[in-house]
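Read off the chains here:
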Amino acid sequence: GIDRVDAVCLTHAHMDHVSGFDDVRRFNTINGGSPMRCYAMAETIDQMHRIFPYITDRKNDLGLFRPMINFVDNIEPFSIGSMKVERLDVEHGFPCCGYLVDGKIGYISDCHALPDETVAKLSGVEIMVLNCLRERPHPTHLNLEAALGYLERIGPRRAYIVHMCHDISHERWLSALPAGIEPAYDGLELVI
């Protein structure tokens, strides 16, 4: 049911985050055959070219349809339509980032720690999306205690935890998490 995608923002190039990237091809067609902008860290752009060596930024004369992407280094803040987007530094043990959208929405899908500067930039956002792999500690992802600690420091109006493993019971966490924090789910739509 998605009929429009203006751009893609990548946090990192782990396969659980980029393996569906070929599906961008459909939006190249919907957009009249134009390349789509994809914002990512320079390291992630390099990794994407190694994972998907057939990605191009123009139509293919051979008739083989491949994703057409204009990769853009996200080191500087950028705009997608009227939205202002800023890259956020995170610690994941692998080149990775998060995003702050219009100063209202924080999105961090993978990390095990947030630098104080990132927490300060996120302070008071309306919506915070934050990874929370499981209850017990993990070396590259936040566990429940750490995620709740960061959410308390950030103080969002609403928060959604993502990147949960199979140890998580959505129903149990939905009833046990503090007010304003809930586990996300496939198909969740947020209205701003």
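Below you will find a few notes about this structure. (Residues numbered from 1 in each chain as written. Predicted model: local features only at pLDDT ≥ 70, side-chain atom pairs only at ≥ 80, totals over all residues. Heavy atoms only, no water.)

**Describing the nonpolar core**
Of all hydrophobic cores here, the largest spans 26 residues; its most connected members are I108, L114, L122, M128 and L130. Put simply, the parts of the chain that give this core at least two residues each are α4 (116–122), β8 (127–131), α5 (144–154) and β9 (158–162). Looking at this core element by element, the count peaks at 5 residues for α5. Here I108 is in contact with L88, V90, G98, L114, T118, L122, M128, V129, L130, N131 and V162, once residues within four sequence places are set aside. Formed by 16 residues, the second largest nonpolar core is a distinct cluster that contains A13, V18, A40 and F52. (Core = buried A, V, L, I, M, F, W, Y, C linked by side-chain atoms within 4.5 Å. Buried < 20%, exposed > 50% of the residue type's maximum accessible area, 1.4 Å probe, protein only. Helix = DSSP H or I, 4+ residues; strand = E, 2+ residues; numbered from the N terminus. Contact = heavy atoms within 4.5 Å.)

**Details of the side chain of D110**
Looking at where D110 falls in the secondary structure, it is placed in the loop between β7 (105–108) and α4. Buried within the structure, D110 lacks any salt-bridge partner; its nearest side chain of opposite charge belongs to R134, at an N-O separation of 13 Å. A polar atom in the side chain of D110 sits 3.0 Å from the side chain of H17. Of note is the side chain of D110, whose polar atom sits 3.2 Å from the side chain of H92. (Lys, Arg positive; Asp, Glu negative; His and termini not counted. Salt bridge = Lys/Arg side-chain N within 4 Å of Asp/Glu carboxyl O. Polar contact = N/O pair within 3.5 Å; in protein donor to acceptor, adjacent residues only side chain to side chain.)

**Concerning the layout of surface pockets**
Volume-wise, the largest pocket comes out at about 2,000 Å³. Lining the largest pocket are 40 residues; nearest its centre among them are I2, A7, C9, Y107 and L188. Looking at the lining of the largest pocket, the elements with two or more residues in it are β1 (7–9), α1 (15–18), α2 (24–30), β5 (83–89), β6 (97–101), β7, β8 and β9. Considering each element in turn, the lining of the largest pocket owes the most residues, 3 residues, to β1. Counted by class, the lining of the largest pocket contains 28 nonpolar, 7 polar and 5 charged residues. (1 Å grid on protein atoms, 1.4 Å probe; cavity = no way out; pocket = protein on both sides within 12 Å on 5 of 7 lines; lining within 4 Å. Points joined across faces, edges and corners; volume = space filled by probe spheres on them. Nonpolar A, V, L, I, M, F, W, Y, C, P; charged D, E, K, R; others polar.)

**Things to note about the packing of aromatic side chains**
Throughout the structure, instances matching the rule amount to 5 aromatic pairs. Pairing F21 with F52 gives two aromatic rings, centres 5.8 Å apart and planes at 40°, and the pair type is tilted. With F21 in the loop between α1 and α2 and F52 in the loop between α3 (42–51) and β3 (69–73), this residue pair connects regions lying 31 residues apart in the sequence. When its relative accessible area of 5% is taken as the criterion, F21 is described as buried. Classification of F52 by relative accessible area gives buried; the value is 5%. An angle of 80° between the planes, with centres 6.3 Å apart, marks the rings of F78 and Y99 as edge-to-face. (Phe/Tyr/Trp six-rings, centres within 6.5 Å; stacked < 30°, edge-to-face > 60°.)

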